Amino acid sequence: MTTALPLANSVVGTVRSANAGQSGAAAQQAAAQQAAAELEYKRQQDAAQAAAAQAALEQKYREEAAAAERNAQAAAAARLQQAQLEAEAQARQWAHDAELRQQEQELQRRRDEAAAAAAAAARAREMDDFRSAQEQTLAQLRASQEQAVRAKETDAQTQLAQLTAAADAAEQRRLAALRQAVSKTRAGLGARGVIAQDGSGEAILLGLTNSSDTERKDAQATDQLKRAAIQQSLDEAKRRNLLELSQLADRQRLEYMSKFF
């Protein structure tokens, strides 16, 4: 627009100068030239205005595009920041959840360990109680057996003492009977005029002695048999007690193994 103005002014000046020195035809021609110049001037002004408007519109488009780009970048940055914030929040939540799971697992592990320890302690107490009961039963059997053996030993000692007393009394009776028989025999032999040193008298006395000795040996053999029977009964009672203890211990061992293993 600034370039077109001097040109139009120049044309107008030229036309005015021509009009001053020319005639009417020339004036008409000058007027036509002036009108053409004015039209050219107006066209130039319109072109300049159109160019200015186009430049302003383009500038506006550029500014709007730049603003839109800035807005798009800002929105993208906001979305990225929001995504980062959400990712960080999600990561924190996952970490928190993982920590909670780890704490729960640790708590459950401790609960399991405590339960296992309690179960092991209860099992140990049950095993100890069961074994104590078995040992008490075994001890009671052993005590009753020992009491029975002591009673049997006392009875056996009484019986042996009685056998000894009876054997001593029988021996005294045998000796007294032998002395009495010898005295009677000597008296009888003397009444018949036979002395003990004679062969017949000695044989009679020897027969009495041998008979008495046989009686003594028979009594001793009987006494020994009775004593052996008493000792055998006591030994059998002790063996039976040992067998009962062994059988009870075996049963208890099987019961213990089958219950706890």
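Since we're looking at a predicted model, the values are computed, not measured.

A.B. asks: Where do I start with the overall build of the protein chain in this structure?
C.D. replies: Secondary structure summary: the protein chain contains three helices and zero strands in total. Listing the helices and strands of the protein chain from first to last along the sequence gives α-α-α. Look at the contacts in the protein chain between residues 6 or more apart in sequence, and 73% of them connect residues 24 or more apart. Carbon and sulfur atoms make up 56% of the accessible area of the protein chain, which amounts to about 18,800 Å² in all.

A.B. asks: Mind showing me how you'd approach the side chain of Asn241 here?
C.D. replies: Position of Asn241 relative to the elements: it lies in helix α3 (residues 199–260). The residues touching Asn241, leaving out its near neighbours within four places in the chain, are Gln145 and Val149.

A.B. asks: Any chance you could explain the packing of aromatic side chains here in plain terms?
C.D. replies: Centre-to-centre distance and the angle between the planes together describe a pair of aromatic rings. Counted according to the given criterion, the structure contains four aromatic pairs. Taking 6.3 Å as the distance between ring centres and 35° as the angle between the ring planes, the aromatic pair formed by Phe130 and Tyr256 counts as tilted. Highlighted residues: Phe130 in helix α2 (residues 24–191) and Tyr256 in helix α3, separated in sequence by 126 residues. Judged by relative accessible area, Phe130 falls into the partly exposed class, the value being 23%. Residue Tyr256 is classed as buried on the basis of its relative accessible area of 18%. Clustering of aromatic rings is evident, with ring pairs tying together Phe130, Tyr256, Phe260 and Phe261. The residue whose ring lies beneath Arg123 is Phe261, and the NZ or CZ to ring-centre distance is 5.6 Å.

A.B. asks: Which parts of the structure should I look at to understand the pattern of salt bridges?
C.D. replies: Side-chain pairs of opposite charge can arise whenever the charged atoms involved come near each other. One pass over the structure, following the stated rule, counts 15 salt bridges. With its nearest N and O atoms 3.9 Å apart, the salt bridge here joins Arg131 to Glu135. In this pair, Arg131 and Glu135 are both assigned in helix α2, four residues apart and thus about one turn of the helix distant. Measuring nitrogen to oxygen at the nearest pair gives 2.6 Å for the salt bridge that ties Arg227 to Asp223. Highlighted residues: Arg227 and Asp223, both in helix α3, separated by four residues, approximately one helical turn.

A.B. asks: Would you take a moment to explain the confidence of the model for the protein chain for this structure?
C.D. replies: Low pLDDT means the predicted coordinates in that region are not meant to be read closely. On average, the protein chain scores 85 in pLDDT, and the residues at 70 or more come to 84%. Averaged pLDDT values for the elements of the protein chain fall to 49 in helix α1 (residues 4–21) and rise to 90 in α2. Here residues 1–8 is modelled with pLDDT under 50, and outside its nearest four sequence neighbours on either side it reaches nine contacts, counting other chains as well.

A.B. asks: What is the right way to read the UniProt feature "coiled-coil region" (unreviewed entry) in the protein chain from this model?
C.D. replies: Under the local residue numbering, the UniProt record ascribes the feature "coiled-coil region" (unreviewed entry) to residues 27–120 and 153–180. Structurally, residues 153–180 is divided into 100% helix and 0% strand, and its ends, taken at the C-alpha atoms, are 39 Å apart.

A.B. asks: Please clarify how the environment of Ala166 should be interpreted in this entry.
C.D. replies: Mapped onto the secondary structure, Ala166 falls in helix α2. Residue Ala166 is classed as partly exposed on the basis of its relative accessible area of 41%. Residues Ala166 and Asp223, spaced 57 residues apart in sequence, show a C-alpha to C-alpha distance of 9.2 Å.

A.B. asks: Before we go on, may I ask you to explain the side chain of Arg174 in this structure?
C.D. replies: Note on placement: Arg174 falls in helix α2. Of the polar contacts made by the side chain of Arg174, one reaches the side chain of Glu171; its length is 2.3 Å. Every residue in contact with Arg174, bar those within four places of it in the chain, is listed here: Ser212, Asp213, Glu215 and Arg216.

The rules behind the values
Residues numbered from 1 in each chain as written. Predicted model: local features only at pLDDT ≥ 70, side-chain atom pairs only at ≥ 80, totals over all residues. Heavy atoms only, no water. Helix = DSSP H or I, 4+ residues; strand = E, 2+ residues; numbered from the N terminus. Contact = heavy atoms within 4.5 Å. Areas by Shrake-Rupley, 256 points an atom, 1.4 Å probe, with all protein chains shown as cover. Phe/Tyr/Trp six-rings, centres within 6.5 Å; stacked < 30°, edge-to-face > 60°. Buried < 20%, exposed > 50% of the residue type's maximum accessible area, 1.4 Å probe, protein only. Lys NZ or Arg CZ within 6 Å of the ring centre and 35° of its normal. Salt bridge = Lys/Arg side-chain N within 4 Å of Asp/Glu carboxyl O. pLDDT = per-residue confidence, 0-100. UniProt positions renumbered as here; feature names shortened; annotations may be inferred. Polar contact = N/O pair within 3.5 Å; in protein donor to acceptor, adjacent residues only side chain to side chain.

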